[in-house]
Amino acid sequence: MSQTVLVLGGGVGGLVAANLLRRHLGSTHRIILVDRESSFSLAASYLWVMSGARRPEQVSRPLARLKRKDIEVIHGEVEHIDPAQRAAVVAGVRIAADHLVIALGADFNAHAVEGLSDGGLTFATLDGATRLRAALSNFRKGRILILTAAPLYKCPAAPYEAALLLEAHRRRIRGDQIRIDLHTAEPGPMGVAGPEVSAAVRAIVESKSIGYHPDRQVVRVDPAERVVEFRNGEKVQYELLVYMPPLQVPRVVRESILASAGGWIEVDRHTLQTRFSGVYALGDVTSIPLSMGKPLPKAGVFAHGQARVVAHNIVRAITGTGREANFDGYGACFVEAGGSTAGYGAGDFYAEPRPSVTLHRPSLLWHAGKVMFEKYWFWRWL
Ligand SMILES: Cc1cc2nc3c(=O)[nH]c(=O)nc-3n(C[C@H](O)[C@H](O)[C@H](O)COP(=O)(O)OP(=O)(O)OC[C@H]3O[C@@H](n4cnc5c(N)ncnc54)[C@H](O)[C@@H]3O)c2cc1C
């Protein structure tokens, strides 16, 4: 009998899930993917847009391309989720399914900090990275202040990579009169990956004449005076403010019965099942606690791995074949370090008593790996 799988969100996790479902299910079954955006862009490449290594159109593709694979694409806002009925309302229309996959990610909330969006630019969106590129082309003198505006943000490596790429830009243009400072709300880089990885990333940053100031929670930005004020009372003047925004749970999830006390969706950490039968959530919209006290980071590599597991288990439920798959907490990421080099961190984030992660030192090889990864991504999933 024909079944319908409804995938909410056409980002990293949603795309992987929809593709794999389509590949392994016969054409009698419907795969529907919904997104409010008409195109997908790869966030892992935004820092290259910022640095000028990519143009915006090189890192995005229309979601409508999925139609050639027989995936139905609906361009619209998910307005309501009804997990008990495995249904959603999209742009006023109710869509019911046999299996529901929620991959709606995490929303940015720059407005949580007064003055932040008016006073600075972010590399966390394609538009922001494009505007930063333009701002950098005229920037020759003064302080670039890089900021993580809250301890929880997407991709633990990204702000550190941003600092290293901006430093490489400074060297390239011989910007002797440019000073780079990185102020972070968290106490150290990539803390979830353990003290060794954190110390190694910190050493790389500090070896590049970047002023590193951990444990600095911004409380407000004064765009007129170009001053950032921190919780400890410190005020820092800047000429160019570059920030990683705070996150918030997507409104439609926050208002649904799926939201946990913290807002994010709680799932079984191995199967990504919610407490509703046939309803799965994966990627940034979930919160998976680790025994060391921090949640699993919000990173595409996890959304990707979880989507594989969810797609496999839905195929299994429909076809009655195969064994149940489990997400193992393995994750890896490139850490761009400038000058066409990158480090590479990889390991088991479900390891006890804390994640077991190794960081390989920056080299040309890992940077080439990231370039290949980007090509593979678009070839494979869009
Ligand atoms: C600058 C930067 C660099 C990064 N680099 C890396 C990296 O190198 N490696 C890595 O692993 N991760 C990286 N990440 C993190 C990675 O991009 C995210 O963790 C990943 O995209 C999460 O996947 P997801 O499917 O959960 O959510 P997303 O990819 O964010 O997809 C969510 C989708 O849901 C849609 N949506 C949301 N709400 C609605 C709604 N109400 N109606 C309709 N559609 C909706 C959105 O439009 C979006 O397309 C980076 C992030 C940033 C910002």
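Everything below is about the structure printed above this text.
> So what about the site of the ligand? Which residues, and what values?
Every one of the 36 residues lining the ligand counts as a neighbour, but Gly 9, Gly 11, Gly 13, Gly 105 and Gly 283 are closest to it. Put simply, the parts of the chain that give the shell around the ligand at least two residues each are α1 (12–24), β2 (30–35), α2 (46–51), α8 (300–319) and β21 (330–338). A per-class count over the shell around the ligand returns 21 nonpolar, 8 polar and 7 charged. Residues from two domains meet in the shell around the ligand; each of domain 1 (4–106 + 249–319) and domain 2 (108–247) gives at least three.

> Break down helix α6 (residues 195–206) for me, citing the residues and quoting the values.
Its 12 residues place the ends of α6 16 Å apart at the C-alpha level, agreeing with the 16 Å of an ideal helix rising 1.5 Å per residue. For α6, every residue scored as buried is listed here: Val 197, Ser 198, Ala 200, Val 201, Ile 204 and Val 205. Around the axis of α6, the buried residues are gathered within 165 degrees of arc, so they sit on the same side. Pointing more than 90 degrees away from the buried face of α6 are the exposed residues Pro 195, Glu 196, Ala 203 and Glu 206. Looking at the buried positions of α6, the neighbouring elements they touch are α5 (158–172), β13 (178–184), β14 (211–213), β21, β22 (341–348) and β23 (356–363).

> Residue-level account of the pairing of strand β12 (residues 142–148), with values.
Most of β12 is tucked away: 5 of the 7 residues are buried. Sheet topology places β12 next to β13; 7 bridges connect them, and they run parallel. Pairing of Gly 142 across the sheet is with Ile 178, part of β13. Handedness of the crossover joining β12 and β13 through α5 is recorded here as right-handed.

> Please give an account of the sheet that holds β21 that cites residues and values.
One open sheet holds the 3 strands; their spatial order is β21-β22-β23, and the pairing between them is antiparallel. The sheet terminates laterally at β21 and β23, the two strands that pair on one side only. Recorded for the sheet is a direction-independent mean angle of 15 degrees between the axes of neighbouring strands. Pairing of β22 with β23, which is carried by 6 bridges, proceeds in the antiparallel orientation. Its bridge partner lying in β23, Gly 345 is registered against Leu 359. Strands in contact with α6 are β21, β22 and β23; relative to β23, the strand with the most contacts, it is inclined by about 20 degrees.

> Lay out α8 in plain terms, naming residues and giving numbers.
With 20 residues, α8 ought to run about 28 Å at 1.5 Å a step, and its terminal C-alpha atoms sit 28 Å apart, in line with that. Within the sequence span of α8, burial applies to Gly 300, Phe 302, Ala 303, Gly 305, Gln 306, Ala 307, Val 309, Val 310, Ala 311, Asn 313, Ile 314 and Val 315. Looking at the buried residues of α8, the elements they touch are β1 (4–8), α1, β9 (99–102), β20 (279–281) and β21. Gly 320 occupies a position one or two residues after α8 and carries a positive phi of about 75 degrees.

> Describe the environment of Pro 245, listing the residues and the values that go with them.
With respect to the helices and strands, Pro 245 occurs in the loop between β18 (240–244) and β19 (247–248). In this structure, the C-alpha to C-alpha distance between Pro 245 and Phe 108, residues 137 residues apart in sequence, is 6.0 Å. Excluding its chain neighbours within four sequence positions, the residues that come into contact with Pro 245 are Phe 108, Asn 109, Ala 110, Thr 122, Ala 124 and Ala 149.

> Account for the environment of Arg 179, with residues named and values stated.
Relative to the assigned elements, Arg 179 resides in strand β13. Here Arg 179 falls in the partly exposed class, since 17 other C-beta atoms lie within 10 Å of it. As a C-alpha pair, Arg 179 and Gly 142 span 37 residues in sequence and 6.0 Å in three-dimensional space.

> Which residues make up the sheet that holds β2, and what values go with them?
Spatially, the 5 strands line up as an open sheet ordered β5-β2-β1-β9-β20, and their pairing is parallel. Bordering the open sheet on either side are β5 (72–75) and β20, each of which pairs with just one other strand. On average, each strand axis in the sheet is tilted by 15 degrees relative to the strand beside it, whichever way the strands run.

> Which residues make up unusual backbone geometry, and what are the values?
Pro 353 follows Glu 352 through a cis peptide bond whose omega is 5 degrees. Even without glycine at this site, Arg 86 takes up a positive phi of about 50 degrees. Structurally, Arg 86 is set in the loop between β6 (78–82) and β7 (87–90). For Arg 86, a count of 20 C-beta atoms within 10 Å puts it in the buried group. In this structure, Asp 215 takes a positive phi of about 60 degrees despite not being glycine. Mapped onto the secondary structure, Asp 215 falls in the loop between β14 and β15 (218–222).

Conventions and cut-offs
Within any chain, residue numbers begin from 1 and follow the written order of that chain's sequence. In keeping with the model being predicted, local features are shown solely for residues with a pLDDT of at least 70 and side-chain atom pairs are shown and tallied solely at 80 or more, while totals for entire chains, interfaces and linings include all residues. Using the backbone to place each C-beta atom, any residue with that atom within 6 Å of a molecule or strand is considered near it. Only DSSP runs of H or I reaching four residues or more are called helices, and only runs of E reaching two or more are called strands; each is numbered from the N terminus. Ten residue types, Ala, Val, Leu, Ile, Met, Phe, Trp, Tyr, Cys and Pro, are classed as nonpolar, four, Asp, Glu, Lys and Arg, as charged, and the remainder, Gly among them, as polar. For the domains described, the bounds stem from an automatic or database domain assignment. By this rule, a helix spans an expected 1.5 Å times one less than how many residues it contains. Neighbour density around each residue's C-beta defines its exposure: 20 or more other C-beta atoms within 10 Å make it buried, 12 or fewer make it exposed, and counts between make it partly exposed, where C-beta atoms are placed from the backbone. Here, the arc refers to the directions that run from the helix axis to the C-beta atoms. Each residue is represented by a C-beta atom placed from its backbone, and any two residues with such atoms within 7 Å are regarded as in contact. Paired strands, as defined in this entry, are two strands with at least two bridges between them according to DSSP. Classification remark: right-handed applies to a crossover when, strands pointing away from the viewer, the course from the first strand over the helix to the second runs clockwise. Lines fitted to the C-alpha atoms define the axes, with helices restricted to the stretch that makes contact. Angles between their N-to-C directions range from 0 to 180 degrees.

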